[in-house]
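The lines below spell out each chain.
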Amino acid sequence: MLRMQNIRKIFKTEMVETHALRDFNLEVEEGDFVAVTGPSGSGKTTFLNVAGLLETFDGGDYLLDGQSVKGMNDTQLARLRNEKIGFIFQSFNLLPDLNLFDNVDVPLRYRGFKAAERKRRIEEALEVVGLASRMKHLPAQLSGGQQQRVAIARALAGRPRFLLADEPTGNLDSQMATSVLDLMQEINNQGTTIIMVTHDPMLAKRASRNIFVRDGQVSEVGKEDDIVELLHKTAQVG
Amino acid sequence: MSELGPIFRALLRNKVGAFLLALQIALTMTIMVNAIHMIENRSSMMARPSGLDEANQFYLSSNGYAENFNERAVVEEDLRNIRALPGIVDVTQINAIPLSGGGWSMGLQTETGEDKPSVGVAVYFVDDHGIDAFGVNLIAGENFSPTEITYRQRNEQGWPQNIIVTEAMAKELFPDLTPAQVIGKTTYIGGDEPMTITGVIDQLQAPWVGWSGVERVMLVPQRTEFRSSRYFIRTEPGQRDRMMKEVEEMLVAEDRGRLIRNVRTMEETRDDSYRSYSALQTILWIIVIILTIITALGIVGMVTFSVNRRRKQIGTRRALGASRFDIMKHFMLENFLVTSVGLLLGVGSSIALNIWLVDAFSLPRIGWYYIPVAMVILWLVGQAAVFGPARKASQISPALATRTA
């Protein structure tokens, strides 16, 4: 479903050249719930940006649903992002001047759905996250957990092939974090593939696969004791 | 255009900035519409034909200073000599120059009695060569005959029997009659002194270009004996500049105890008369252009501020699938809405200001087409102004969405 082969991403300034990803290889199958951990500066966010088509890469190949994204132009990438990927951000990234309905509507408008189809999907998505009764509210009128639920509804409304979550509970207290995580777990159980970047060891434990990124390279974590050890390292460094 | 709803609702939540910009646009439209209306009004006034052959006409003053100055003899000899010059079409002595700003006016009425309404009219004292010297066309009746030309003294009150009027004056006095039917009609000057219309000319303007009755003129068959004369001279096409010099030199050389002054062309006189109009037009254009630039810069400023304030939101939209074109379209539509609100306000305020100008300064009403034309211009200005910042916004990377700052 998602295959990265020898991906390289280099950030250049006049003085410095930073290899954010180097020969990065990863395969994610449909239905996976992958947690990506690693110390700060290890390349987690760069990986997320490349995986989410938010940034291009300098080498290697990236196949999304069997289709190489290499060489696609901005419009093609935007369309692919809109159709295949749902995003959940640490700061929720809701548009403050739009009510919940209009927020969830944003990606659907870019998809070009008719009004009736959009309305049906928005109501359905807000129903799933338990906020259908508050669709005329503004984001500022909601708690952090509720805002993240709206963000999840926005990501789900387009029925993407996979969700990319960037520290989805980073700005939430533990109770709200658990609630959001339960929701993501439920979404994953229904078949949506999730890739989640996190610093939170507890969150990483809930994933079916754990990936550890260090110095722009990836390593799979397979055994229970390895996970603990790596999470411990992550907690120390990050 | 389906994005208009959310954009409009979002704007309503940030009313102040958008409303202030809309007000600025309304003000710009109000001033633009009325200023351009005034410019066009002045242009149409300046473009009115005077009836004269202006390109081939000039005039001069002859002021007697010698004690034994015999004006009648001098004028008759001058006119004879000037007419004899090759290149001259005709010349007449005249009391006032059309379009020059200074002249005589009287009131004519169709019934006797000081309480009866009269129509204001500019008075030119000319001889039987007046029509040729002006280059106007006699459309009914006949020209003055040489024998009916008399001399008018400085304090003389009476008036000769016959007059020639312009068609506009004839219409004002006798609205239901054709020029031919006006011939022989009696009008009264000074309340009860009768004058008979013996001729109608097509067009001639009064000395006062700002006067609403500028087309109302009467020619009186008299020469003046005021020690100061003006000669109004028409030349063959292309001969004017040469003849100006030649006539002046000839009259000066005669040394008849008078001074020759103010040798000027009709084109110079027209330019002088309309100079204030031209100046007003220039000032109004400058105001319109400056105001439009300020409005455009206001839009650029507001959209730039808005883009900088919403960088993360733009990144998020891009992450959610907006193409660069979608982002540009978003800002263009947002500006279109703000501009539209401003223009709707501007329609009302433009009409209101025009009504006030009509009442206060007797300006004509604005044509209906001013409103849609101004709206289209300001819409285009708005879209052009927002293009740069919108393009900048479209360059924002979607990766900005994942940055926590």
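Just so it is clear, the structure is predicted and the values come from calculations on it, not from any experiment. (Residues numbered from 1 in each chain as written. Chains lettered and ligands numbered in written order. Predicted model: local features only at pLDDT ≥ 70, side-chain atom pairs only at ≥ 80, totals over all residues. Heavy atoms only, no water.)

**Student:** Which parts of the structure should I look at to understand the overall build of chain A?
**Tutor:** Assigned secondary structure in chain A consists of eight helices and 10 strands. In terms of overall size, chain A behaves like a compact globule, its C-alpha atoms giving a radius of gyration of 18 Å where 238 residues would be expected to give roughly 18 Å. A principal-axis box enclosing the C-alpha atoms of chain A has dimensions of 45 × 40 × 35 Å. Expressed as a percentage of the 238 residues in chain A, the buried residues total 55%. Considering only contacts in chain A between residues 6 or more positions apart, those separated by 24 or more positions represent 71%. Accessible surface computed for chain A: about 10,300 Å², of which carbon and sulfur atoms make up 46%. (Helix = DSSP H or I, 4+ residues; strand = E, 2+ residues; numbered from the N terminus. Rg over C-alpha atoms; globule rule 2.2 N^0.38 Å. Buried < 20%, exposed > 50% of the residue type's maximum accessible area, 1.4 Å probe, protein only. Contact = heavy atoms within 4.5 Å. Areas by Shrake-Rupley, 256 points an atom, 1.4 Å probe, with all protein chains shown as cover.)

**Student:** What is the right way to look at the UniProt feature "domain: MacB-like periplasmic core" (unreviewed entry) in chain B in this model?
**Tutor:** The UniProt record marks residues 52–248 of chain B with the feature "domain: MacB-like periplasmic core" (unreviewed entry), using the residue numbering of this structure. Counting secondary structure, residues 52–248 of chain B comes out at 20% helix and 37% strand; the distance between its end C-alpha atoms is 22 Å. (UniProt positions renumbered as here; feature names shortened; annotations may be inferred.)

**Student:** What is the right way to read the pattern of salt bridges from this model?
**Tutor:** Two side chains that carry opposite charge are able to pair once their charged atoms sit near each other. Residue and element names in this part refer to chain A. By the definition in use, this model includes 34 salt bridges over all chains. For arginine 206, the salt bridge is made with aspartate 182, and the minimal N-O distance between the two is 2.6 Å. Of this pair, arginine 206 sits in the loop between helix 7 (201–205) and strand 9 (209–214) while aspartate 182 is found in helix 6 (residues 174–189), placing the two residues 24 residues apart along the sequence. Arginine 206 gets classed as partly exposed once you look at its relative accessible area, which sits at 30%. One salt-bridge network, in which partners are shared between bridges, spans Glu117, Arg120, Arg121, Glu124 and Arg159. (Salt bridge = Lys/Arg side-chain N within 4 Å of Asp/Glu carboxyl O.)

**Student:** Would you explain the packing of helix 9 (residues 275–309) of chain B against helix 12 (residues 370–394) of chain B in this entry?
**Tutor:** To describe two helices that pack against each other, one gives the angle between their axes and the distance between the axes. Residue and element names in this part refer to chain B. The contact between helix 9 and helix 12 brings their axes to 9 Å, and the two run at 25°. Overall, the two elements helix 9 and helix 12 adopt an arrangement that is roughly parallel. For helix 9 against helix 12, the interelement crossing comes out right-handed. Of the residues in helix 12, those in contact with Thr292, Ala296, Ile299, Val300, Val303, Thr304, Val307 and Asn308 of helix 9 are Val381, Gly382, Ala385, Val386, Pro389, Lys392 and Ala393. In terms of residue class, the contact of helix 9 with helix 12 is built from 10 nonpolar, four polar and one charged. (Axes fitted to C-alpha atoms, helices over the stretch in contact; angles between N-to-C directions. Parallel < 35°, antiparallel > 145°, perpendicular 65-115°, else oblique. Left-handed = near helix turned anticlockwise from the far one by under 90°. Nonpolar A, V, L, I, M, F, W, Y, C, P; charged D, E, K, R; others polar.)

**Student:** Looking at this structure, how should I read the UniProt feature "transmembrane region" (unreviewed entry) in chain B?
**Tutor:** Residues and elements named next belong to chain B. Feature annotation in UniProt places "transmembrane region" (unreviewed entry) on residues 283–307, 336–357 and 369–388, given in this structure's numbering. The span residues 283–307 shows a helical share of 100% and a strand share of 0%, and its end C-alpha atoms are spaced 36 Å apart. In residues 336–357, the share of helix is 100% and the share of strand is 0%. The end C-alpha atoms are 30 Å apart.

**Student:** How should I be thinking about the interface of chain A and chain B in this particular structure?
**Tutor:** Note: interface size is frequently given as the accessible area lost on complex formation between the parts. The partner chain B presents 25 residues to the 27 residues of chain A that form the contact. Ranking the residues of chain A by area buried against chain B places A:Asp97, A:Arg109 and A:Tyr110 at the top, with a combined share of 28%. At the surface where chain A touches chain B, the tally comes to three salt bridges. One salt bridge in this structure joins A:Asp74 and B:Arg324, with 3.8 Å as the shortest N-O distance. At the junction of chain A and chain B, the tally comes to 10 residue pairs in polar contact (both at pLDDT 80 or more). Of all the secondary structure elements, the ones that give two or more residues to the side of chain A that touches chain B are helix 1 (44–51), helix 2 (74–84) and helix 3 (100–111) of chain A. Top contributing element to the side of chain A that touches chain B by residue count: helix 3 of chain A, with five residues. Residue composition of the side of chain A that touches chain B, by class: 12 nonpolar, seven polar and eight charged. (Buried area = accessible area lost by both parts, 1.4 Å probe. Polar contact = N/O pair within 3.5 Å; in protein donor to acceptor, adjacent residues only side chain to side chain.)

**Student:** What should I look at first to understand the sheet that holds strand 2 (residues 17–28) of chain A in this one?
**Tutor:** What holds strands together in a sheet is hydrogen bonding between their backbones, with the strands either parallel or antiparallel. Residues and elements named next belong to chain A. Taken together, the four strands give an open sheet; going across it, the order is 2-1-4-5, and neighbouring strands pair in antiparallel fashion. Only two strands of the sheet have a single neighbouring strand rather than two, namely strand 2 and strand 5 (67–68). Across two bridges, strand 4 (residues 59–64) lies against strand 5 in antiparallel orientation. Bridge pairing in strand 5 places leucine 64 opposite glutamine 67. On the sheet, helix 1 packs against strand 1 (2–12), strand 2 and strand 4 and is oriented at approximately 120° with respect to strand 1. (Pairing = 2+ DSSP bridges.)

**Student:** Just to check I follow, could you spell out the side chain of B:Asn56 for this structure?
**Tutor:** Topologically, B:Asn56 is positioned in the loop between helix 2 (15–46) and strand 1 (57–64). Engagement of the side chain of B:Asn56 in a polar contact is seen with the backbone nitrogen of B:Gly238, the distance being 3.3 Å.

**Student:** Help me understand the nonpolar core in this model?
**Tutor:** When a protein is soluble and globular, its nonpolar side chains tend to lie buried together. The biggest cluster of nonpolar side chains holds 49 residues, and the ones touching the most others in it are B:Met29, B:Ile299, B:Val307, B:Ile314 and B:Phe331. Only helix 3 of chain A together with helix 1 (4–12), helix 2, helix 9, helix 11 (324–361) and helix 12 of chain B provide two or more residues apiece to this core. Setting aside residues up to four positions removed in sequence, B:Met29 forms contacts with B:Leu343, B:Gly346, B:Val347, B:Ser350, B:Ile371, B:Ala374, B:Met375 and B:Leu378. (Core = buried A, V, L, I, M, F, W, Y, C linked by side-chain atoms within 4.5 Å.)

**Student:** Looking at this model, I keep getting lost on the side chain of A:Thr198. Mind explaining?
**Tutor:** Relative to the helices and strands, A:Thr198 is located in the loop between strand 8 (193–197) and helix 7. Sequence-distant contacts of A:Thr198, that is, excluding residues within four places in its chain, are made with A:Val36, A:Thr37, A:Lys44, A:Glu167, A:Leu203 and A:Ala204.

**Student:** What is the right way to look at a nonpolar patch on the surface in this model?
**Tutor:** Residue and element names in this part refer to chain B. Taken together, the side chains of Phe8, Leu12, Val16, Phe19, Leu20, Leu23, Val341 and Leu345 make up a nonpolar region of the molecular surface, amounting to roughly 700 Å² of accessible area. Breaking the nonpolar patch down by element, the ones donating at least two residues are helix 1, helix 2 and helix 11. Ranked by residue count, the leading element in the nonpolar patch is helix 2, at four residues. Classification of phenylalanine 19 as partly exposed rests on a relative accessible area of 43%. (Patch = residues over 30% accessible without salt bridge, like charges linked within 9 Å, V, L, I, M, F, W, Y side chains within 5 Å.)

**Student:** I'm lost on the packing of aromatic side chains in this one. Help?
**Tutor:** The relative placement of two aromatic rings is captured by the distance of their centres and the angle of their planes. Residues and elements named next belong to chain B. Taken as a whole, this structure holds 13 aromatic pairs over all chains when the rule is applied. Aromatic side chains tryptophan 104 and phenylalanine 226 sit 6.3 Å apart centroid to centroid with 5° between the ring planes, which places their arrangement in the stacked category. One end of the pair, tryptophan 104, is in strand 3 (residues 104–109); the other, phenylalanine 226, is in the loop between strand 10 (217–225) and strand 11 (228–235), and 122 residues separate them in sequence. For tryptophan 104, a relative accessible area of 29% translates into the label partly exposed. Judged by relative accessible area, which is 13%, phenylalanine 226 ranks as buried. Aromatic pair tryptophan 368 and tyrosine 369: ring centres 6.1 Å apart, planes at 85°, arrangement edge-to-face. (Phe/Tyr/Trp six-rings, centres within 6.5 Å; stacked < 30°, edge-to-face > 60°.)

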